[in-house]
Structure formats: structure tokens, C-alpha cells
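Okay, here's what each chain looks like letter by letter:
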Amino acid sequence: MNETMSATRKIITSKVREMRLEVSITSVLIAIFLLFIIGNPQTFTKFDIYYSFMSTIPFSGILALALTFVIITGEIDLSFPSILGISAWVFSKTVELTDGNIWIATLLCFATGLIAGWFNGLIVVRIGIPSLVATIGTQFFFRGLVNVLAQGMGITLVPVKDTLLFKIFVGRIGGAVPAQIIWMFSLGIILSMILKRHRFGSHVFFVGDNRESARMMGIRVDRVRMTVFMMMGFFSALSGILSSLEVTYFWPTLGQGYLMRTLAAVFVGGTSVFGGMGTIYGSFIGALIIGSLEAGIIAIGLAGFWTQLVYGLIIIVAISIYTWLMKKE
Amino acid sequence: MYNPEDYLLVMDGIYKSFGEVEVLKNVNFRVGNNEIVGLVGDNGAGKSTLIKIITGVHRPDKGEIYFKGKKITYHSVELSRELGIETVYQERALGEQQTLWRNVFMGREITDRLGFLRINEEKKETEKILRKHLGFTSKAINVDSIVKSLSGGEKQGIAIGRALYFNAELIILDEPTMGLSLSETRKVLDFVLNIKKSGKSAIFISHNIYYVYPVADRFVILDRGQVAGEFLKKEISQDELVEKMVELARTGKMK
């Protein structure tokens, strides 16, 4: 065989690619925190700010983990903040109606998330509307549903504050570590295992990479697409529970504001907007970066008008690094 | 009619129309055991319709199909794969961003009971395919390589190797050299010869006789939905075959 060329050729392996991505995103995270520590040593050498990060980042962080699957499949879901809202409303309303039965409330909340995700999947997979368009529609629809059902009223979650499940969801481990960061961390490990080492993960990659060949090779493409939307719904419900329990109150606007930062986390994490490529590790670190930026920027004294500018700049720089790395391939 | 027992695939009196258009008219086609058949013909001759009938995408309006001596009554894509018929399509067979080992086991992963991949086993088998079935010698290409960074010919090789590994009896190569450079085409032709060496059969579809001639044992020329001619390699030289094709294109007939 003619392989005289091969000596000078560059063959990319998955190991090299993953290493590059992981090293570069981790460097971005470290660089940002160094900047914060130098910019404001008083704040960033104390535990308080990290405590605050640990209690708030998981809400959009968990969403970013689930969204990674959706985007690798070559789809998008813009409706998850509204799914979060409607699931959390079901959760809170059930708590109110059952005098604080958090178990039933949790069950119904997850069911709502799954149904909403299934509904997205139905429109995208069965009817065939591109997910970008479909979930713009359902995003309004689900939020509208929350508005109609909640009538603009909040619901208190104080009655469940002393339950076991409350402590499991958002308790403070050893009085210091918020349970939700443990959730995000464990889910990160589990979802990473599923993406990298499970048959389902492999199918997710192939559906996003080359849908036609995936179908030809016997992968049930439609089922995979359906599943990622339902996963997104499920984890939106979880995030809804966590974020409403954290403040022991349900607001009808719950989830709003998560859309852009979750998308940013996934893309800063190196997941390809074209599908077929991405890691849970990247999205995890991406969520840490995005989640700490705003507070960090304010803490180093760039308050007010500067915040968004620096925020945007860092996102652009991070994403440019990957694009440049990929081009080198 | 040919005796189905003596051949891997026998298609007898196949007719197929799409609406008013009669695409295949009484086509008789066969593939022997361990035989490479070159299926040549101009665009619109009915090559791809014939292939789609073999792979179960289309059903013939009339005619009978036998595979390994058994009559096929219900034909579907899944069934044809189960029988051991694999198609290697240009550009469509692999996930470009994925590793070789993932691609080889795409849709047919080796897993434990919980569905987790046996990655080491999959990598070991992929290594075997690369070195043994395909004769890759370059150390630069390994099981962790991303498909995107391989050449066009090598990609076809992976798809062919995958088909051989999964014990395909009949591998259908649909224009496997289209868009490839000369040296890449040569690689693909080597892979096709590997099919022969492995004791399997193949149908090599191309409209370029110069590529088909060196590797095929027999040539079937399809023209406007009918078999216009059939030659064993030992009966005809490459130049004669080209001449016949040219004549067919000009006069619509073949001597």
C-alpha cells in the first residue's frame, strides 16, 4: 500500500483533542480566578465567595450538563428555563395543596419536566420542526402556562424546610457545603460516564455527527433525539426544585435569566454548535467560569456598566481559543 | 434461470417502475461465491435501483431474489443486513468527528449488561481490523484516530473493514472511488481485493471501467434498465470492454 506520505501526515487522535480542550478550558478557569484573586485578595481568599458560588452555580450548571447532550445530538433547546418554571410551579403548588408533601411534589415535578421534554421531542422529531424554531415556540408556551396557572402569584415553600428531602436537595453538608454543588458534581461524573462510556453516549455522538449514517448503521436516531429532549426536561425540573428550595419560595419568573448563561457555559466548554463533539467536563468548567464571572467582575471593582462588557469579552476569547485549536487540526 | 444453490445472490426477472417510468426491465443478475462483480453503466441505467432492491430499500414489482440459495420473500433494510449484505456508501458511512473504534462499532457496540461499552475490547478488535483485514502499516493511524483526519481512501477502507469484520457475505460498493485522487483510488482498490482474499463477495458499482477492471472477476453492463452485456474478465480485455461501452453509448446497442 502506498503510505509514503504518512510520515509527514498529522493524524488527530481523540486523546490529543480531548487533552487540548481540557487543558485550555481549565487554563481559562485558572486564569480568571488568578485575575480575581489579584484584583481583590480580601474577597477571593475567603471562603464566603466560594460558598456563594457553590450555592448558586449548580442551578444553571446542571442545566448545562443536560444541554450538552442536546447540543451534541445536533439539536438545541431554548425552552428549558420555561420547563424549569412550569415544573417548579407544579412542585410548589403540590407542596401547598398537600400541606407540605415534598415527596409527591418531587415526583410530580419530575413528571412535568419529562412530559414537557417529551412534548418538545414530539414537535421536533415527529412533526419535524427544527428544534431552534420549535423550542422558541414552546419556551413561550410553557412560560405562558406558568403565568396563567400562577396568576402572577408566588408560593412559599417554608412548610417543607425541615424535611429530609429538603436537606438532601439543598441542605448544608457539615454546615458549610451546599448540597446542590454535590448534586452538580455527582451528576457531572455520571453524565460524563454515560456520554463517554455508554452505548447511549456513543449514539448521541453519531446522531449529531452524521445522522444519515447513524440511521443506516441501525441506531434508532429518533429515539435518541427524543431521549435527549426528555433528559433536558428532567434536569430542568431538578434545577427548578433546587433553585426554588434554595430560597424557599416559588416565583413565577423562576428560570428566567438562565438561558444565555447556560448556553454560554456549554459553548465556552468547547461543545460544538454543529453537533457531534463535546464533553461534560467542558460544560462543567464552563458553568463554573460563567457562574463566577459576574460576581467576580463586580468584586474586582468593575461594577455597573463594565460588567457585561468584560463578561462578553471573556466568552469571546474562550470560544476563539477552541476555534483556533480546531483549525490547527 | 441460474441455479440459486450455485450462487450467493441470484436475481431473476426483476422489474421495477416508479410511476410511469420503467427503471428495470427483466433484469437477471447474479453474484457468485467469492466473486467480485463490476456493475457498470451510465447514469440512469438503473444501477442504484438494482442495488436498492438488493439492500431492501425498494421492493421489486416482479421477479425473484435468492440469497445463499434461499428465496427472499419479505425484503427490508434490516433483513438484508441480517443476511449479511452491507453497503459502503461514499461519504455517508462514518461519523467524521469520532474515533475509528467508535465508528467500527457504530450501532453494534460491545457492551455489558447495563449498556456500558467494553472499550478495551472494541479497541482491540479495531486494531485487528486495521492491521489484519486492511493491512494498515502506518503507526500514525491508530484506533483513537479521528476519522476526519484520514484520507478519502482510508475512510472507505475503514467502512470496508467494518463490513468484513461483521461477516458481511456480500459487500456493495457504491461508487467507492468517486472524488478520490489516483493514489487514494489505488488504496480503495486494494481494499476491494482484500474482500476477495477474505473469501467474501462484492458488487463494485462505478461508471469508470478503468477502476473496475483490475479488481472485478466479471462485468455486468446495465443500460436503460436492462442487462446489455455480461463478460468474464478472462474473456475480454480492458480495451475491448471500453470499446463496447463507447459503442453502447453511441448506438444504444452492443455487439
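Residues numbered from 1 in each chain as written. Chains lettered and ligands numbered in written order. Predicted model: local features only at pLDDT ≥ 70, side-chain atom pairs only at ≥ 80, totals over all residues.

**Overview of the sheet that holds strand β7 (residues 170-174) of chain B**
All names here are of chain B.
Then, number 1: Strand order in the open sheet formed by 6 strands is β6-β7-β8-β3-β9-β10, with mixed pairing between adjacent strands. Sheet topology places β6 (85-89) and β10 (226-232) at the edges, where each strand pairs with a single neighbour. On average, adjacent strands in this sheet sit at an angle of 20° to one another, irrespective of strand direction.
Then, number 2: By the bridge criterion, 4 bridges tie strand β3 (residues 36-40) to strand β9 (residues 218-223) in an arrangement that is parallel. Residue pairing in the sheet places Val37 in a bridge with Arg218 of β9.
Then, number 3: Its contacts with the sheet put helix α5 (residues 152-165) on β6 and β7, and the angle it makes with β6 is roughly 175°. (Pairing = 2+ DSSP bridges. Helix = DSSP H or I, 4+ residues; strand = E, 2+ residues; numbered from the N terminus. Axes fitted to C-alpha atoms, helices over the stretch in contact; angles between N-to-C directions. Contact = placed C-beta atoms within 7 Å.)

**With respect to the packing of helix α9 (residues 199-209) of chain A against helix α11 (residues 221-246) of chain A**
Residues and elements named next belong to chain A.
Then, number 1: Orientation of α9 relative to α11, taken along the N-to-C sense of each, is 105°, at an axis distance of 10 Å. Relative to α11, the element α9 lies roughly perpendicular. Residue-level inspection shows His203, Val204 and Val207 of α9 in contact with α11, the latter providing Val221, Val224, Arg225 and Val228.
Then, number 2: Among the residues making up the contact of α9 with α11, the classes are represented as 5 nonpolar, 1 polar and 1 charged. (Parallel < 35°, antiparallel > 145°, perpendicular 65-115°, else oblique. Nonpolar A, V, L, I, M, F, W, Y, C, P; charged D, E, K, R; others polar.)

**Focus: the pairing of strand β8 (residues 201-206) of chain B**
Residue and element names in this part refer to chain B.
Then, number 1: Counting buried residues in β8 gives 6 out of 6 residues, a clear majority hidden from the surface.
Then, number 2: Bridging between β3 and β8 involves 5 bridges; their strand directions are parallel. Paired with Leu39 across the two strands is Ile205, which belongs to β8.
Then, number 3: Strand direction decides the pairing type here: β7 and β8, joined by 5 bridges, are parallel. Paired with Leu173 across the bridge in β8 is Phe204.
Then, number 4: For the segment spanning β7, helix α6 (residues 182-197) and β8, crossover handedness is right-handed. (Buried ≥ 20, exposed ≤ 12 C-beta atoms within 10 Å, placed from the backbone. Right-handed = clockwise from strand over helix to strand, strands pointing away.)

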